[in-house]
Amino acid sequence: LRHECLYRLAGALQQTARHADAAKRFEELLAVIPADHYLAVAGRYGAGEAHRDAGDDQKAIPHFQTASRSPDDDPRGYGFAGGYQLGYAKLRSGDHAGALAAFRTLCERWPSHEAIGELQYLVGEAAHRTKDDATAETAWRAAVAAGGEWAADARSALASLLRARGDDVETLAFEASGAV
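Enquirer: Please give an account of unusual backbone geometry that cites residues and values.
Expert: Phi is positive for A17, which is not a glycine, with a value near 65°. Among the residues examined, A17 registers a relative accessible area of 52% and is labelled exposed. We note that K131 has phi near 70°; this positive angle belongs to a residue other than glycine. Checked against the element boundaries, K131 lands in the loop between helix 7 (116–129) and helix 8 (133–146).

Dropping the structure here:
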């Protein structure tokens, strides 16, 4: 019962924007439960969120990393959410190669996820920041093909990449038409 109470207290603190206090309670919980406890993955994810919301991505990253390794294949579960937040935390902290790896893993593990267009866009963004423009181009083309709300951003990023590479105006017109 104590473990459940700690988890609920941490969640309540998080919901009232007391992120540092929530992080402490999640850490306290994680210190007293085994890794295979039913609250362990949820506690790791909660600790990651609390640290992230307190402005400390470096403390959030290991928690999101652990949550992302959850064997849960539910696209709404902690494995997906942990990987997604891990990618963003690494992107914000300047670890673009780490962000690229996290977003790629999500694309490979959940290729039919409803957010695949966004994930492909983020693969492109992280790849471009690591100067891997071939991967960025492939990912942004995949994001455009996936459609959805990230397609226009991917098309714009792709057009900028092609323009910087020196592709001709016809190619850019082709890209702008959406026929990637």
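Enquirer: Pulling in residues and values, what's your account of helix 1 (residues 2–15)?
Expert: In this model, helix 1 (14 residues) spans 20 Å end to end at C-alpha, consistent with the 20 Å of a helix rising 1.5 Å per residue. Buried within helix 1 we find E4, L6, A10, L13 and Q14. At its buried positions, helix 1 is contacted by helix 2 (19–32) and helix 3 (40–53). Among the residues trailing helix 1, A17 stands out with phi positive, at a value near 65°.

Enquirer: Quick one: what's the story with helix 6 (residues 96–109), residue by residue and with numbers?
Expert: Since one α-helical turn is 3.6 residues long, residues separated by three or four positions face the same way. Helix length check: helix 6 (14 residues) gives 20 Å between terminal C-alpha atoms against 20 Å at 1.5 Å per residue, within 8%. Those residues of helix 6 that fall on the buried side of the exposure criterion are G98, A99, L100, A102, F103, L106 and C107. Lining the buried residues of helix 6 we find helix 5 (78–92), helix 7 and helix 8.

Enquirer: Summarise the environment of G82; cite the residues concerned and give the values.
Expert: Positionally, G82 belongs in helix 5. The exposure class of G82 is buried, given its relative accessible area of 0%. Taking the C-alpha atoms as reference points, G82 and H51, 31 residues apart in sequence, are found 13 Å from one another. Among all residues touching G82, those that are not within four sequence positions of it are Y45, F64, A67 and S68.

Enquirer: Give me the packing of aromatic side chains: which residues, what numbers.
Expert: By the definition in use, this model includes 9 aromatic pairs. Here the aromatic rings of F80 and Y84 are separated by 6.2 Å at their centres, their planes lie at 20°, and the arrangement is stacked. Residue F80 and its partner Y84 are located together in helix 5, separated by 4 residues, close to a single helical turn. By relative accessible area, F80 is classed as buried at 8%. On the numbers, 6.4 Å between centres and 35° between planes, the contact of Y121 with W140 is tilted. Taken as a pair, Y121 in helix 7 and W140 in helix 8 lie far apart in primary sequence, 19 residues in all. Counting every residue linked through ring pairs, the aromatic cluster contains F80, Y84, Y88, F103 and W110.

Conventions we followed
- Residues numbered from 1 in each chain as written.
- Predicted model: local features only at pLDDT ≥ 70, side-chain atom pairs only at ≥ 80, totals over all residues.
- Heavy atoms only, no water.
- Buried < 20%, exposed > 50% of the residue type's maximum accessible area, 1.4 Å probe, protein only.
- Helix = DSSP H or I, 4+ residues; strand = E, 2+ residues; numbered from the N terminus.
- Expected span 1.5 Å × (residues − 1).
- Contact = heavy atoms within 4.5 Å.
- Phe/Tyr/Trp six-rings, centres within 6.5 Å; stacked < 30°, edge-to-face > 60°.

The quantities given are spatial measurements derived from coordinates; they are silent on function.
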